[in-house]
Amino acid sequence: NSKVIQTPRYLVKGQGQKAKMRCIPEKGHPVVFWYQQNKNNEFKFLINFQNQEVLQQIDMTEKRFSAECPSNSPCSLEIQSSEAGDSALYLCASSRDWGEEQYFGPGTRLTVL
Amino acid sequence: GDSVTQTEGLVTLTKGLPVMLNCTYQTTYSPFLFWYVQHLNEAPKLLLKSSTDNKRTEHQGFYATLHKSSSSFHLQKSSVQLSDSALYFCALSGNYNVLYFGSGTKLTVEP
């Protein structure tokens, strides 16, 4: 069973507000991914890290989204100015190494009113 | 680019019957395929994985074989149970190990 911890489980924000969610990857997993799962259950990759370094991120992440994985602290994903279209389940996943399977946390369900 | 296609959006079966969920993929890399299962309000959980051509992989009664010749990784089970009702996603590991997911298949098993 996955030991990826995500907080909070539910987050409600108004449009224009900041929304921040956190992820503690499984112990010993230096590779971390963030995905967005929309109401149609479609997954979209947002950003990934190896240790504290960003490896790849999509354009959306570059503009309104910010993320970090500091040493000895939870990883975080923050939306600077929430929009209604950001309402989704945000999933964090971690893996032991490149090419290894990813283990997912339960997600943070963001609702933007 | 990398992509995964799942043709069945909804599958409804009676308990005890066999099931096959289709998955085909496109990639320019050496394929590494996964099946994840997601129960309501839970995390996607890894069910199966494979990067070996023509080798069957099994877990919890589910099985799949990666066929590179047909770019397929179909999920099968010989006898579904009520607890198998869930969303099933096929995924492909692409560049930087980013997962590309199919659109998912909702499996409902009836008594």
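Refer to the preceding data block for the structure.
Residues numbered from 1 in each chain as written. Chains lettered and ligands numbered in written order. Predicted model: local features only at pLDDT ≥ 70, side-chain atom pairs only at ≥ 80, totals over all residues. Heavy atoms only, no water.

Trainee: Whenever I open this one, the nonpolar core confuses me. Can you help?
Mentor: Nonpolar side chains in soluble globular proteins generally cluster together in the buried interior. Ranked by internal contacts, the top residues of the largest apolar core, which has 24 residues, are B:L33, B:W35, B:L75 and B:Y88. Mapped onto this core, the elements with two or more residues apiece are β2 (10–14), β3 (19–21), β5 (33–38), β6 (45–50), β8 (62–65), β10 (86–93) and β12 (105–110) of chain B. If one sorts the elements of this core by residue count, β10(B) sits on top with 4 residues. In this structure, B:L33 is in contact with B:C23, B:Y25, B:L48, B:K49, B:S50, B:L66, B:F73, B:C90, B:A91 and B:L92, ignoring residues within four places of it in sequence. Within the second largest apolar cluster, 20 residues are counted, among which are A:F65, A:C75, A:I79 and A:A88. (Core = buried A, V, L, I, M, F, W, Y, C linked by side-chain atoms within 4.5 Å. Buried < 20%, exposed > 50% of the residue type's maximum accessible area, 1.4 Å probe, protein only. Helix = DSSP H or I, 4+ residues; strand = E, 2+ residues; numbered from the N terminus. Contact = heavy atoms within 4.5 Å.)

Trainee: What is the right way to read the state of the cysteines from this model?
Mentor: Between two cysteines, a covalent bond joining their sulfur atoms is known as a disulfide. What the rule picks out here adds up to 3 disulfides over all chains. Between the sulfur atoms of A:C23 and its disulfide mate A:C92 the distance is 1.9 Å. In this structure, the disulfide formed by A:C23 and A:C92 twists by about -65 degrees around the S-S bond and is classed as left-handed. Of this pair, A:C23 sits in strand β3 (residues 19–24) while A:C92 sits in strand β9 (residues 88–95), and the two are 69 residues apart along the sequence. Across the pair, exposure class does not vary: A:C23 and A:C92 are buried alike. A sulfur-sulfur separation of 1.9 Å characterises the disulfide bridge that pairs B:C23 with B:C90. Taking the torsion about the sulfur-sulfur bond, which here is approximately -60 degrees, the covalent link between B:C23 and B:C90 counts as left-handed. Of this pair, B:C23 sits in the loop between β3 and β4 (24–26) while B:C90 sits in strand β10; the two residues are 67 residues apart in sequence, bridging distant segments of the chain. By relative accessible area, which is 0% here, B:C90 ends up buried. Numbered by order of appearance in the sequence, the disulfide-linked cysteines of chain A pair as 1-4, 2-3. (Disulfide = S-S within 2.5 Å.)

Trainee: Which parts of the structure should I look at to understand the packing of aromatic side chains?
Mentor: Two measures describe an aromatic ring pair: the distance that separates the ring centres and the angle between the ring planes. Inspection of every chain in the model, using the stated rule, returns 14 aromatic pairs over all chains. Ring geometry for A:F104 against B:F101: centres 6.1 Å apart, planes inclined by 65 degrees, an arrangement best described as edge-to-face. Of the two residues, A:F104 is situated in strand β10 (residues 103–104) and B:F101 in strand β11 (residues 99–101); the pairing between them involves two chains. Feature note: the residues A:F33, A:Y35, A:F43, A:F45, A:F104, B:F32, B:F34, B:Y36, B:F89 and B:F101 constitute an aromatic cluster, connected by ring pairs. (Phe/Tyr/Trp six-rings, centres within 6.5 Å; stacked < 30°, edge-to-face > 60°.)

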